[in-house]
Structures are given as structure tokens and as C-alpha cells.
Amino acid sequence: MSAPPPESLKQRTVAAARGAVEGNGYVKLLRQRWGRVLAAVLAVAAAATGLAGGFERVERPTGIAALTPQPAGAAVDAGLYDVVVQSAWLSHKPSQRLDYVDPDRTTLYVAATITWRDRRSMPPAGKLGQDLVWLANAAGAAPNPQTATGVERVGGAQLVLQPDMPTQAVLSWRLSPQGPPAPTRMRVAVMGYTFSPSTWQTPEEHWTRAKPAGLWEFTVEDRRPRELAARKAGR
Amino acid sequence: MNAAAAHPSPRRWRRFAFNAVVLLLAASAMFWLRRHEPSYMERFAPIVVRGAPGEVVQARGLRIEIPADSALATGRTLVTPGITGSAPPDEQPSSGLWLSVPVRIEVTLDSDRFKAFLRDRAGREYAPAPKSPAEPGRPFDHGGEGGRMFESNIAGQSLAPGFPASGRLYFEVPADRLEGLHARFHLGAVMTPNDSLVDIDLGIDRHRAVALREAATPKLRTFVTQGGVL
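## Digging into the pairing of strand β9 (residues 145-151) of chain B
Within a regular strand, side chains alternate between the sheet's two faces.
All names here are of chain B.
Then step 1. Where strand β8 (residues 138-142) meets β9, five bridges bridge the pair, whose relative direction is antiparallel. Of the residues in β9, the one forming a bridge with Pro-139 is Arg-148.
Then step 2. In this structure, the hairpin formed by β8 and β9 is closed by a connection of two residues, where Gly-143 is found at a positive phi of approximately 60 degrees.
Then step 3. Relative to strand β15 (residues 223-226), β9 runs antiparallel, the two being bridged by four bridges.

Printed below as a string of C-alpha cells:
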């Protein structure tokens, strides 16, 4: 194979790339000793942030463990909301609106009364609540918060909160069959929220989860045997 | 350097003073204008078009009437169609009251959805119950009642010019805030600045509020069933 002719495209490309690397500010920085030290410090800081859960905190709330658990029925001031968690039960029903029972499926339902206190605007329909109430794992276990998989109004239908009106909601979590057995005592945490007013002035609504505002610990009723018995009796 | 250059003449002083005064006046004028310019609210506020029950209220792209002959109705629990034709209807008990408001609405320019809400005297706003996804005429067979089901709730319904919609809106309001309620409507999911906002005083005075509270039915249904085949 013959050598490429002088000033060939390949030579020009290689020369241009070499020139770009030579002139690059970051490369120049790494040629300095203090530049290499700075880069190493930044890399270590980024890795430490990740390992310490800095990335995790964006997704999951922290500070639940510091809260004192309260019994079911206790009210908590969650900023824009007053929240009362009343009860929880395990069910084979995929939806409280259906009579259908699926023995292979377990859903944890938590009933709560939520009173919206923002006086300036209408609440966004259907968006609220997916991450308002979090499962904080079984009593005594390390918190492993999970956002709800469903939010409904008690009795079915979409949850729409009206100002100053206590509204009963049901939040649900589908429990994995591969996960640990469903606990008999459960902890539930409620997030505090801040909210930029939504008026015609600012059509975009900005919900900002602040920090955990309340923690409840209560017994979970197991309705599954009763549902299965009723299903058999119905056959 | 001569003496004239070292000591500015009175004429130059006068020019300097004149320029300084003009500059100060201009700055003052700018400051005054900045202080007195219309606020964001004043520049982009919606144009409120007021009306009363029985009047046809004409706004930009929207024509609305709350018929005077159709009465407001109240209930303590809202009953909406179930998830299927044979599922039990959903019952939504309220800590206040459900207020049913009759509405006749038409878009006059483009096809669009509309948004409605109630506003009380304290400025609190109440969203209507969302329309159930049940399609008109869905077979209904539950609790000994059969036929085809028709939903009266028109919240968020898509409208087309030339096809006025008639129905009702169902609002959940505190029982002690019925007095002085206004129904408000606008086109689109979000209020557009400078667009029309229809405001209709429902005409609920103290006596009527008491009457509505006393007349509240235990269950307020959003749908009717009609027998027979369509």
C-alpha cells in the first residue's frame, strides 16, 4: 500500500484534530499540576455525592426517620394541606370501584382525609396525591418510601380537592409478590408541599415537595380472607 | 492657555445648568412613568363579561346561558356512573353540598373546551366534578334498574361551533358559602390573558341559600336512565 500523498485529506484531518486538542482549554488545564489536582478533587466530590445519596434525595424524601409516629386519626399540618390518615387495609381488589377480586394480587389501600387550604386557585385535578403520602415501610424497619400507584376519592371517581373542604381519599400501593410479606403494622408519611399560586397570571402550576410533615403508625386490616370467602360464596 | 479657557464663560455655565435641568426632568419623567405604568394584572387581566341567570351572555368565542327556568339543585352525595354498565354507581359523599348548575353553552369561533368554576365571596374557587367517561346511551343494568344511561355532566366537554351543549355542572361547595356564588367560564384549559371571562351571579341570597341547604337531597344523580332500544 502506498503512503498517502502529502496534504491528503487524512493528513489534514489528523493535523486539525491534533491542533484542536493542543488548543483545548481543558487539555491545557490538565497539563498543569494544579489542574490535575482540581480535576481529581471534583471527581471525588461527584462520586461521594452520589454514594451519599445526593442523587437519591431528588427522587425519595429523606427525614422520615426523624419524625415521631402518631396513631391513626391524628391530624397533621402539611403546609397547604391538613392531612388525617385514618386506616389501611390489604385487599385482593385491583380497584375499590370494582367487585372483581384477584387472588394473585395484593393492594394496600390507605384512607386519608385531605383538606386543601390554598385560597387562591383551583387545585389541579388528578395530579395531586401520587407522592403526597408515602409508605414508610413496616414499623421498626428502615424507611423505604414508595410513591402511591393510585389515588381516588372514597367511593371512586377522580380526586378533586376544593378549598377548605375535607375530602376523603384512598391511596393505593400494589405490593409486589416478590417483595417482603405485607406488614401488620404500617408506617405512612405525608409530605409537606409548597405551591406557587395558580391563577390566570401564572398558568403553570409548580408543586414543590418540601419535606416530610407527618408520620403515622397503625395496624393494617387484612380484608383478603373475607374477600376470598365472599367470592367463593358468590360462586 | 488663556483666561477664557481657564474660566468658563457664563454662557457655558448656563448651557451646563440647562442640560442638567433637562436631564433631571427626563429622569423624573421616566421615574414617574415607571411608577405609574399599568401592572401586569392591569395589562393582561381577563375581560370580565357579567351576566345573570336567564340572560344569554355573549363573550369572545363563547355564548353562555344559565337558564332561569331550570332550578339549581343540591345534594349531599353525588352519584355518578360506575366504571362499567353493571358496576354500582360511584357515590361521592361531601363534607359540604353538591350544587347542580344548569348550563347552555356554545362556542362561536373555533372548536374548543371550556372551563368553569364557582367563586365565592371570599375569592375561593371551586372546580366542577369531572365528567364521567361513560358514553351516551351506554347500557345500564344495576340494582334492578335497566336501560341506557345518559350523563348530564358537561364539565370539560369539547364544543364545536353550531352545536350548543346543554347540561349541568356539579360543584362541591361548603354548605355555608352558597350565598353570593358566581359561576365563571372561559375558553380553553387555561385562561388566556386578555380573553373573556364570563361571570354570572347565580343570584343566591341568604334566603335562597337556606332554601337550597334545606332542599338538599341525600343523593344527587348526574345521569338518567331511559328504557328501550335507541
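Anyway, onward from the coordinates.
## Quick word on the pattern of salt bridges
Then step 1. One pass over the full model with this rule turns up 19 salt bridges over all chains.
Then step 2. For Arg185(A), the salt bridge goes to Glu217(A), with nearest N and O atoms at 3.4 Å. Pair noted here: Arg185(A) is in strand β8 (residues 185-195) and Glu217(A) is in strand β9 (residues 207-219), with a separation of 32 residues, a long-range link.
Then step 3. With relative accessibility at 36%, the residue Arg185(A) sits in the partly exposed group.
Then step 4. On the basis of relative accessibility, which here comes to 18%, the residue Glu217(A) falls in the buried class.
Then step 5. One salt bridge connects Arg121(B) with Glu179(B), and the closest N-O pair in it is separated by 3.3 Å. Residue Arg121(B) is found in the loop between β6 (112-119) and β7 (125-126), and its partner Glu179(B) is found in the loop between β11 (165-173) and β12 (182-187); the two are separated by 58 residues along the sequence.
Then step 6. According to the relative accessible area criterion, Arg121(B) is exposed, its value standing at 63%.
Then step 7. Judged by its relative accessible area of 24%, Glu179(B) falls in the partly exposed class.

## Notes on the confidence of the model for chain A
Residue and element names in this part refer to chain A.
Then step 1. Averaged over all residues, the pLDDT of chain A is 76; the fraction at 70 or higher stands at 72%.
Then step 2. Per-residue pLDDT, averaged within each element of chain A, yields its smallest value for helix α4 (residues 56-59) (46) and its largest for strand β10 (residues 221-222) (90).
Then step 3. Taken together, the stretch residues 196-205 has pLDDT below 50 and engages in 23 contacts with residues farther than four places along the chain or on a different chain.

## Considering the domain arrangement of chain B
Then step 1. Under the domain assignment, chain B is made up of domain 1 (3-36) and domain 2 (46-225).
Then step 2. Once you take the C-alpha centre of each, domain 1 of chain B and domain 2 of chain B turn out to be 65 Å apart.

## Points about the side chain of Asp90(B)
Then step 1. By secondary structure assignment, the location of Asp90(B) is in strand β5 (residues 90-107).
Then step 2. With near-sequence residues (within four places) excluded, Asp90(B) lies in contact with Arg97(A), Gly155(A), Gly156(A), Ala157(A), Leu78(B), Val79(B), Thr80(B), Pro81(B) and Gly82(B).

## Overview of the packing of aromatic side chains
Residues and elements named next belong to chain B.
Then step 1. In total, this model carries three aromatic pairs over all chains according to the counting rule given.
Then step 2. Measuring from ring centre to ring centre gives 6.2 Å for Trp-13 and Phe-16, while their planes differ by 85 degrees; the resulting arrangement is edge-to-face. Placement of the pair is Trp-13 and Phe-16 together in helix α2 (residues 10-36), with a separation of three residues, close to one helical turn. Here Trp-13 matches Phe-16 in class, with each residue exposed.
Then step 3. Ring plane angle 55 degrees and centroid distance 5.5 Å describe the contact between Phe-140 and Phe-223, whose orientation is recorded as tilted.

## Describing the nonpolar core
Then step 1. In terms of nonpolar packing, the biggest core is built from 36 residues, with Leu99(B) and Phe185(B) touching the most fellow members.
Then step 2. If you list the elements that add at least two residues to this core, you get β2 (56-59), β3 (62-65), β5, β6, β11, β12, β13 (196-201) and α4 (206-214) of chain B.
Then step 3. Looking at this core element by element, the count peaks at six residues for β5(B).
Then step 4. Ignoring sequence-local partners within four residues, the contact set of Leu99(B) consists of Leu72(B), Ala73(B), Thr74(B), Leu118(B), Leu169(B), Tyr170(B), Phe171(B), Val173(B), Leu178(B), Leu181(B), Leu202(B) and Leu212(B).
Then step 5. Grouped together as the second largest cluster of nonpolar side chains are 27 residues, Leu108(A), Val151(A), Leu159(A) and Trp173(A) included.

How each quantity is defined
- Residues numbered from 1 in each chain as written.
- Chains lettered and ligands numbered in written order.
- Predicted model: local features only at pLDDT ≥ 70, side-chain atom pairs only at ≥ 80, totals over all residues.
- Heavy atoms only, no water.
- Pairing = 2+ DSSP bridges.
- Helix = DSSP H or I, 4+ residues; strand = E, 2+ residues; numbered from the N terminus.
- Salt bridge = Lys/Arg side-chain N within 4 Å of Asp/Glu carboxyl O.
- Buried < 20%, exposed > 50% of the residue type's maximum accessible area, 1.4 Å probe, protein only.
- pLDDT = per-residue confidence, 0-100.
- Contact = heavy atoms within 4.5 Å.
- Domains from an automatic or database assignment.
- Phe/Tyr/Trp six-rings, centres within 6.5 Å; stacked < 30°, edge-to-face > 60°.
- Core = buried A, V, L, I, M, F, W, Y, C linked by side-chain atoms within 4.5 Å.

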